Amino acid sequence: MSAGRKYVSPKREAQAQATRAAILEAFAEQLSEPGRTTLSPSEAAARAGVSLRTVHFHFPNEASQIAALGQWFDAKIFPEGIELPSGPDDLPRYYRYIHKLGLAHPITRALTSSKGVWKEVRASRRAERLDAIRRAVKAIGAPKRATEDATAVLLSLAGGDASWALVDHGLSKERAPDAIAHTVALVVADLRAQVRK
C-alpha cells in the first residue's frame, strides 16, 4: 500500500487564513476595550462568526493566543518588519524607526499597559528586540557599571510608553522619535567616552 499525497487546496488555505485573521481581529477588539485585561475565546468566536471549536483549533491555549496576537500587532505596526540594530552606532536609527511607526498606531498606547494579557503580548513581541539592544550596548566595551546603567536607560526607552509619554508632555508625534534617537545617541557617546578614559 502506497502512501498517498496530501492534497492542499489553495481555496481552503485562504479560508483558513481569513478565519485566523478574523479571530485575531476579534481578540484585538477585546483588548481595545477600556480596562480589558483578559481574552475570551467564546467572545472572539461570536465576534468572528465562528464556533468556539474553530477558535481552539487555531489557538488551542492562551499562550498560542498571546504569541499570535504579538505577531499580529507587529505585522500591523511594522508591516515591513523590523531591522534590528546592527551595533551601537545603529541604535539611534533603530529607536527613531520603531517610535515613528509605533506612534502612527494608537493601539501601541494600549500595548504599553502592564496589566493582564497586555503585559504578556508585549513581552512576546519585544524579547528579540531587547536582546539586540543589550548586545549593541555591550559591544561598546564600557566599564560594567556604565554598561548596566546605559542598558537600563536604553531598554526603558525601547517601548511605546517612552514615546507616548513625550507626546503627553507636549512633543508632537513627529518630534518625539527624533528626541528619543538624540537621547540614545548621547548615551552611546557617553559610553564610548568612558572606554577611552
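Up top is the structure.
Residues numbered from 1 in each chain as written. Predicted model: local features only at pLDDT ≥ 70, side-chain atom pairs only at ≥ 80, totals over all residues. Heavy atoms only, no water.

Scanning the model with the defined rule gives seven salt bridges in all. A salt bridge links K76 to E25, with the shortest nitrogen-to-oxygen separation between them at 3.6 Å. Of this pair, K76 sits in helix α4 (residues 62-77) while E25 sits in helix α1 (residues 10-31), and the two are 51 residues apart along the sequence. Across the pair D131 and R134 runs a salt bridge, and its minimum N-O distance is 2.8 Å. (Salt bridge = Lys/Arg side-chain N within 4 Å of Asp/Glu carboxyl O. Helix = DSSP H or I, 4+ residues; strand = E, 2+ residues; numbered from the N terminus.)

Let us look at the packing of aromatic side chains. According to the stated counting rule, one finds four aromatic pairs in the structure shown. Ring geometry for F27 against F59: centres 6.2 Å apart, planes inclined by 70°, an arrangement best described as edge-to-face. Of this pair, F27 sits in helix α1 while F59 sits in the loop between α3 (52-58) and α4, and the two are 32 residues apart along the sequence. What makes F27 buried here is its relative accessible area of 0%. (Phe/Tyr/Trp six-rings, centres within 6.5 Å; stacked < 30°, edge-to-face > 60°. Buried < 20%, exposed > 50% of the residue type's maximum accessible area, 1.4 Å probe, protein only.)

The subject of this paragraph is the packing of helix α5 (residues 91-103) against helix α9 (residues 160-168). Interhelical geometry of α5 versus α9 gives an angle of 65° and a closest axis separation of 10 Å. Viewed along their axes, α5 and α9 adopt a mutual orientation that is roughly perpendicular. The hand of the α5/α9 crossing is right-handed. The segment α5 lies against α9, with H99, G102 and L103 engaging G160, A162, S163, W164 and V167. (Axes fitted to C-alpha atoms, helices over the stretch in contact; angles between N-to-C directions. Parallel < 35°, antiparallel > 145°, perpendicular 65-115°, else oblique. Left-handed = near helix turned anticlockwise from the far one by under 90°. Contact = heavy atoms within 4.5 Å.)

Under the definition given, this model contains one cavity of 30 Å³ or more. Roughly 230 Å³ of internal volume is contained in the largest cavity. If you go around the largest cavity, you meet 21 residues; those closest to its centre are F78, R125, A158, G159 and G160. Among the elements of the structure, α5, α6 (107-111), α7 (116-138) and α9 are those that each provide at least two residues to the lining of the largest cavity. The dominant element in the lining of the largest cavity, judged by the number of residues it contributes, is α7, at six residues. Residue composition of the lining of the largest cavity, grouped by class: 10 nonpolar, seven polar and four charged. (1 Å grid on protein atoms, 1.4 Å probe; cavity = no way out; pocket = protein on both sides within 12 Å on 5 of 7 lines; lining within 4 Å. Points joined across faces, edges and corners; volume = space filled by probe spheres on them. Nonpolar A, V, L, I, M, F, W, Y, C, P; charged D, E, K, R; others polar.)

Taken by themselves, the reported measurements are silent on function.
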